[in-house]
Amino acid sequence: MNGGSVGELALTGGEPVLGSLAPVNWPRTTDADRAAVLSVLDSNLFVSDRTEATAVERLERSWAEYLGVRRCVGVSNGTTAIELALLAHGIGPGDEVVVPALTFVGTAMAVVHVGATPVYADVDPVTFTMTADSLAAEITERTRAVVPVHLHGLSADLAAIDEVARRHGCVVVEDAAQAHGARYRGVPSGATGNTATFSLQMTKNLPTCGEGGLVVTDDERVADRIVQLRQFGETIRPDRPRRYVSHRLGFNAKLSNVQAAYTSSQLERLDEYHAARRANVEAFLARLRDLDGLTCPSEPDGYEHAWHILRFVVDFDRLFPGVDTGAARGVLMRALRAEGMPVTRYQMMPLADQPALRALVRQKPDSWPVTQDVIDRSFTLQQRHLPPDAGPLLQSFADAVEKVWSHRKVLAELAEGAGR
Ligand SMILES: *Cc1c(COP(=O)(O)O)cnc(C)c1O
């Protein structure tokens, strides 16, 4: 133990554990990353519609090799990656696509933008993502695809989900935007045989200096379609000049060579960062696991977590009996933030309740009780734990949590006041 449990709460005027709210220090840009970007600037090869070997091609090859899959196609971002993957699998108007009720809104927006209808599956209270059972409960005769999300960096239970999908003739497109480096039964996320999509957005585990996305697949036809779709439906061949003939209705959804070169350089350090993050996060969670009424995120047997987001679930009824959960959560989060630990809420509502999506929902309201309960009772830590040297910061966060927990009687009184 340490001195974290002594002293008055910063929220009520005491000395905070950290001098200020810990800043974001991600992505971590090295001289190698800078040199990679500069070499693109000097090459004048900026766009991936060129026939020369480009930084985009190099990243595609190295990511396919890293995962051990046949093909990788670079696209403009992780949302477009899902959209083009669905289109390449023939998903469109009239089709239903099952997505988890707890995920980033882009997962469902991609479904809407291909003209299909998203249907939301409730999540598991421990892994926070869709299960085979919650998927099966939402399947109808119109279901054509499933998008399991490896939320927070933990793979969905793919063997079970694939089984349900296969039984109903559905294609599986994995949203692995948060899962670079994760493994399921020893296999890297994205390499399990389905088409899978990644985001390279700067907050992700494999970042770029802006926006980017990757689709991986063992299916050559799917990959070729995505290459066409990202480039106005054209076919660009290395052995002849561009012909400006569009074979299908496409998009301009290319990845830039600057983004690709930066990510290729980051990829050299992905394994090292992943290993360091796992050690740092495990040491952090080990200090919090026995705190009363707090459930730390966990790594089930057979899974390797990429720890993209850390979600903590609080038993507010036990800690603050009789107090409104929203008020209790608010006070707890304010107390942690006052100590310098920048806890957040990741997702404020089940996806179906998003104002932009509500009108398209065919399910009854409140069909996602577990998702709602997880959202009501949890807080998250994002980005601060991603850098390889985040260990000491995480130990300070553990001091902050221990301190706040030791003052939970004070918090209960504050929450009672706030809830009235
Ligand atoms: C980030 C993210 C996306 C979207 O990726 P962008 O590159 O930001 O478009 C999709 N799904 C999940 C789960 C994500 O975390």
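No experiment lies behind these values; they were computed from the predicted model shown.

1. Some words on the packing of helix 3 (residues 78-88) against helix 7 (residues 220-229)
- Where helix 3 meets helix 7, the axes come as close as 9 Å, and the angle between the chain directions of the two elements is 125 degrees. Comparing their axes, helix 7 and helix 3 come out oblique. By crossing handedness, the relation of helix 3 to helix 7 is classed as right-handed. Residues Leu 84, Ala 85, Leu 87 and Ala 88 of helix 3 lie in contact with helix 7, whose contacting residues are Val 222, Arg 225, Ile 226 and Leu 229.

2. As for the site of the ligand
- Taken together, the neighbourhood of the ligand is formed by 15 residues, with Gly 78, Thr 79, Asp 175, Ser 199 and Lys 204 sitting nearest.
- Within the side chain of Thr 79, one N or O atom sits 2.6 Å away from an oxygen atom of the ligand.
- Expressed as a share of its isolated accessible area of 380 Å², the protein-covered part of the ligand is 93%.
- Within the shell around the ligand, the residues separate by chemical class into four nonpolar, nine polar and two charged.

3. Considerations on the side chain of Thr 371
- With respect to the helices and strands, the residue Thr 371 is situated in helix 12 (residues 369-377).
- Ignoring anything within four residues of it in the chain, the contact list for Thr 371 reads Ala 101, Leu 102, Asp 122, Val 123 and Pro 350.

4. Details of the pattern of salt bridges
- Counted according to the given criterion, the structure contains 21 salt bridges.
- Put simply, Arg 269 and Asp 33 hold a salt bridge, and the shortest N to O gap is 2.9 Å. On the criterion of sequence distance, the pair formed by Arg 269 in the loop between helix 8 (257-267) and helix 9 (270-288) and Asp 33 in helix 1 (residues 31-43) is long-range, its members being 236 residues apart. No difference in accessibility class separates Arg 269 from Asp 33, as the two residues are buried.
- A salt bridge links Arg 408 to Asp 292; its shortest N-O distance comes to 3.9 Å. Of this pair, Arg 408 sits in helix 14 (residues 408-419) while Asp 292 sits in the loop between helix 9 and strand 10 (294-295); the two residues are 116 residues apart in sequence, bridging distant segments of the chain.
- Arg 408 gets classed as partly exposed once you look at its relative accessible area, which sits at 30%.
- Because the salt bridges share partners, they merge into one network encompassing Arg 278, Glu 282, Glu 299 and Glu 304.

What counts as what
Residues take numbers from 1 onward in each chain, read along the sequence in its written order. Restriction of local features to residues with pLDDT of at least 70 applies here, the model being predicted, together with a cutoff of 80 or more for giving and counting side-chain atom pairs; totals for whole chains, interfaces and linings are based on all residues. To obtain the side-chain values, all non-hydrogen atoms of the structure were included, while hydrogens and water were left out. Lines fitted to C-alpha atoms define the axes, with helix axes restricted to the stretch in contact, and inter-axis angles between N-to-C directions lie between 0 and 180 degrees. The numbering of helices and of strands both runs from the N terminus, where a helix is a DSSP run of H or I of at least 4 residues and a strand a run of E of at least 2. Here the angle decides the label: under 35 degrees means roughly parallel, over 145 means roughly antiparallel, 65 to 115 means roughly perpendicular, and every other value means oblique. By convention the crossing between two helices is left-handed if the near helix lies anticlockwise of the far one by an angle smaller than a right angle, and right-handed if it lies clockwise. Should any heavy atoms of two residues lie within 4.5 Å, those residues are considered in contact. Consider each residue's heavy atoms; a residue with any of them within 4 Å of a molecule or strand counts as near. We define a polar contact as two N or O atoms separated by no more than 3.5 Å, with the added condition that, inside protein, one atom must be a possible hydrogen donor and the other a possible acceptor, whereas residues neighbouring each other in sequence contribute only through side-chain atom pairs. Where accessible areas are quoted, they stem from the Shrake-Rupley method and a 1.4 Å probe; at the residue level, only the protein chains shown are allowed to cover. When residues are grouped by polarity, Ala, Val, Leu, Ile, Met, Phe, Trp, Tyr, Cys and Pro land in nonpolar, Asp, Glu, Lys and Arg in charged, and all others, Gly among them, in polar. For this analysis, a salt bridge means a side-chain nitrogen from Lys or Arg found within 4 Å of a carboxyl oxygen belonging to Asp or Glu. Relative accessible area decides the class of each residue, using a 1.4 Å probe on protein chains only: under 20% of the type maximum gives buried, over 50% gives exposed, and in between gives partly exposed.

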